[in-house]
Amino acid sequence: MSWFGPQIEFYEEEASPKSVDDYLALSDACFEGIQKLLHSDEWIPVTDEKGVQMFEMDDNGAPIPLLRIETVFEGTPEELNEIQSSFNLEERKKYDPDIKELELLEKITDELCVLYSVVKTPSIVSDRDFAAFRMIKQLDDGTICAFGHTINHSKKPITSQAVRAKGLTALYMIPIDGGARTKAIKIMKIDPMGSIPKWVINMGKKNAAVSMRLTVKYFDSVIEDIRAKNRYTGPYDVSTDSDIYYDFYDQSEINHLNDVITELRGHVSSLQKQIAVVDHPHTLFESLKRFLLAYGWPLLVVLLYHYLFVRRR
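Fair warning: this is a prediction, and the values are worked out from it, not measured in the lab.

**Student:** Describe the overall build of the protein, and please don't skip the residues or the numbers.
**Tutor:** For the protein, the helix and strand inventory stands at 6 helices and 10 strands. Summarising the internal contacts of the protein: among those between residues at least 6 apart in sequence, 56% fall at separations of at least 24. Element-wise, carbon and sulfur atoms account for 56% of the exposed surface of the protein, whose accessible area totals about 18,500 Å².

The following block contains the structure:
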């Protein structure tokens, strides 16, 4: 309850998906609309500074026009998607300084989730928060599109702590130059709800272009680390025995498994030396028995892990 009546918890005009099918239908409809925006010929060039181009398009008279921002990244769409898909708030702040909170509310499928975020605004304006689904879609030409739209979600009803904004965003990551580089196109349709001074709107548009430049700078600073991680090799690398890439695995999991396998190899080598000098069948049997009792279970665990989580992927 507020001074002006009951506090609303959700927007009636926003979708309130409940099931996986609800989310998939909503994402399909959203993607269809975004595709129309991407291919529209009504975009008007606004700025072209430091490798970032910004365009605007009227949004049926809304105070904030549709925005389109373009640039090029020196890396593949998959590499860019790996970076922009991170939910690490501190890392995100390095190229999106206006973000205050970022939370994964729900994972719907491997490609679709629900996020909650809070964006800070100038002190005279209330912060804006967003509850939105986010979908990753790969197209036939290798383009990756990360897009989403605000929704109602039971875990994050509207409160007085921030003004619940509405809108959609999409980031097209398009392979160019044989896939070695990526043309990024970001489309934004934001309704901040409530009264916003025009100078704040103009600052928000400028910050959108600045954020894209910061993303390029951040991408350039971390891309070699990401590539080094993805081509990791150790004493024994389980990824070399499969047809999938190392970056599907957790780093600590890989390191631990490599250590176990390396230790087992050492024990096998020791046993081989014992067998080489044995001259009695009974002694050989006892050596094998001791080895299996001591190391049979760890070896079985490693073999099962390798079969279930590597060979079958």
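**Student:** Describe the environment of Gly 142, listing the residues and the values that go with them.
**Tutor:** Positionally, Gly 142 belongs in the loop between strand S6 (128-138) and strand S7 (144-150). Distance from Gly 142 to Pro 77, taken between C-alpha atoms, is 8.0 Å for residues 65 residues apart in sequence. In contact with Gly 142, other than residues within four places in its own chain, are Pro 77, Met 173 and Pro 175.

**Student:** Please set out the side chain of Thr 215 residue by residue, giving values where relevant.
**Tutor:** By secondary structure assignment, the location of Thr 215 is in helix H4 (residues 198-230). The exposure class of Thr 215 is buried, given its relative accessible area of 13%. Thr 215 has contacts with Phe 73 and Tyr 95, leaving out every residue within four places of it along the chain.

**Student:** With reference to specific residues and values, describe a nonpolar patch on the surface.
**Tutor:** There is a patch of nonpolar side chains on the surface, built from Ile 124, Trp 199 and Met 203 and spanning about 330 Å² of accessible area. Under the relative-accessibility criterion, Ile 124 is labelled exposed at 62%.

**Student:** So what about the side chain of Lys 205? Which residues, and what values?
**Tutor:** In this fold, Lys 205 is placed in helix H4. Given the relative accessible area of 16%, Lys 205 is considered buried. For Lys 205, the side chain forms a polar contact with the side chain of Glu 56, separated by 2.9 Å. With near-sequence residues (within four places) excluded, Lys 205 lies in contact with Met 54, Glu 56, Pro 65 and Leu 67.

**Student:** So, the nonpolar core: which residues are in play, and what are the values?
**Tutor:** Among the nonpolar cores identified, the biggest contains 26 residues, and Tyr 23, Ile 34, Trp 43, Phe 133, Phe 147, Tyr 172 and Ile 187 are the most heavily contacted of them. Listed by contribution, the elements that provide at least two residues to this core are helix H1 (20-38), strand S2 (52-57), strand S5 (112-119), S6, S7, strand S9 (166-176) and strand S10 (181-191). Sorting elements by how many residues they give to this core places H1 first, with 6 residues. In contact with Ile 34, not counting residues within four places along its chain, are Phe 147, Leu 168, Thr 169, Ala 170, Tyr 172 and Ile 187.

**Student:** Give a detailed account of the environment of Thr 159, specifying residues and quantitative values.
**Tutor:** Take Thr 159: it is sitting in the loop between S7 and strand S8 (163-164). Distance in space between the C-alpha atoms of Thr 159 and Asp 129 is 9.7 Å, their sequence separation being 30 residues. At a separation of 3.2 Å, a polar atom in the side chain of Thr 159 contacts the main-chain amide nitrogen of Gln 161.

**Student:** Talk me through helix H2 (residues 77-84); I want residue IDs and the actual numbers.
**Tutor:** Burial analysis of H2 places 6 of its 8 residues in the buried class, which makes it a mostly covered element. Among the residues of H2, Pro 77, Glu 79, Leu 80, Asn 81, Ile 83 and Gln 84 are the ones counted as buried.

**Student:** Lay out the environment of Gln 53 with the relevant residues and their values.
**Tutor:** Among the structural elements, Gln 53 can be located in strand S2. Its relative accessible area of 22% is what places Gln 53 among the partly exposed residues. Sequence separation between Gln 53 and Thr 71 is 18 residues; the distance between their C-alpha atoms is 6.6 Å. At a separation of 3.3 Å, a polar atom in the side chain of Gln 53 contacts the side chain of Asp 48.

**Student:** Which residues make up the pairing of strand S1 (residues 44-49), and what values do they have?
**Tutor:** Counting buried residues in S1 gives 0 out of 6 residues, a small share hidden from the surface. Across 5 bridges, the pairing between S1 and S2 is antiparallel. Directly across from Pro 45, in S2, lies its bridge partner Phe 55. If you look at the hairpin formed by S1 and S2, you'll find 2 residues sitting between the two strands, and Lys 50 has a positive phi there, around 50°.

**Student:** Can you break down the packing of H2 against H4 residue by residue, with the values?
**Tutor:** Closest axis-to-axis distance for the H2/H4 pair is 10 Å, and the angle between their directions is 105°. Viewed along their axes, H2 and H4 adopt a mutual orientation that is roughly perpendicular. Contact with H2, carried on its side by Glu 79, Leu 80, Glu 82 and Ile 83, involves Tyr 218, Phe 219, Val 222, Ile 223, Ile 226, Arg 227, Lys 229 and Asn 230 of H4 and no other residues of that element. Across the contact of H2 with H4, the residue classes tally to 7 nonpolar, 1 polar and 4 charged.

Rules of the game
Every chain's residues receive numbers from 1 upward, in the order its sequence appears when written. Side-chain atom pairs in this predicted model are given and counted only at pLDDT of 80 or more, local residue features only at pLDDT of at least 70, and totals for whole chains, interfaces and linings cover all residues. Side-chain figures throughout are based on the complete set of non-hydrogen atoms in the structure, without hydrogens or water. Counting from the N terminus, the helices are the DSSP runs of H or I reaching at least four residues and the strands are the DSSP runs of E reaching at least two. Note on contacts: a residue pair is in contact if any heavy atoms of the two residues lie within 4.5 Å. Per-residue and other accessible areas were derived by the Shrake-Rupley procedure at a 1.4 Å probe size, with only the shown protein chains allowed to occlude residues. Exposure categories follow from relative accessible area, calculated using a 1.4 Å probe and restricted to protein chains: below 20% of the type maximum is buried, above 50% is exposed, and the middle band is partly exposed. Residues qualify for a patch when their relative accessible area is over 30% and they have no salt bridge, like charges being joined within 9 Å and the nonpolar side chains of Val, Leu, Ile, Met, Phe, Trp and Tyr within 5 Å. Any Lys or Arg side-chain nitrogen found within 4 Å of a carboxyl oxygen on Asp or Glu counts as a salt bridge. Pairing of N or O atoms within 3.5 Å defines a polar contact, subject to two protein rules: one partner must be a possible hydrogen donor and the other a possible acceptor, and residues neighboring in sequence count only if both atoms are side-chain atoms. Side-chain atoms within 4.5 Å are what join buried Ala, Val, Leu, Ile, Met, Phe, Trp, Tyr and Cys residues into a set we call a nonpolar core. A strand pair is defined by DSSP finding two or more bridges across the two strands. All axes are obtained by fitting lines to C-alpha atoms, using only the stretch in contact for helices, and the reported angles, taken between N-to-C directions, cover 0 to 180 degrees. Working rule for angles: under 35 degrees goes down as roughly parallel, over 145 as roughly antiparallel, 65 to 115 as roughly perpendicular, anything else as oblique. Three classes are used: nonpolar for Ala, Val, Leu, Ile, Met, Phe, Trp, Tyr, Cys and Pro, charged for Asp, Glu, Lys and Arg, and polar for all others, with Gly counted as polar.

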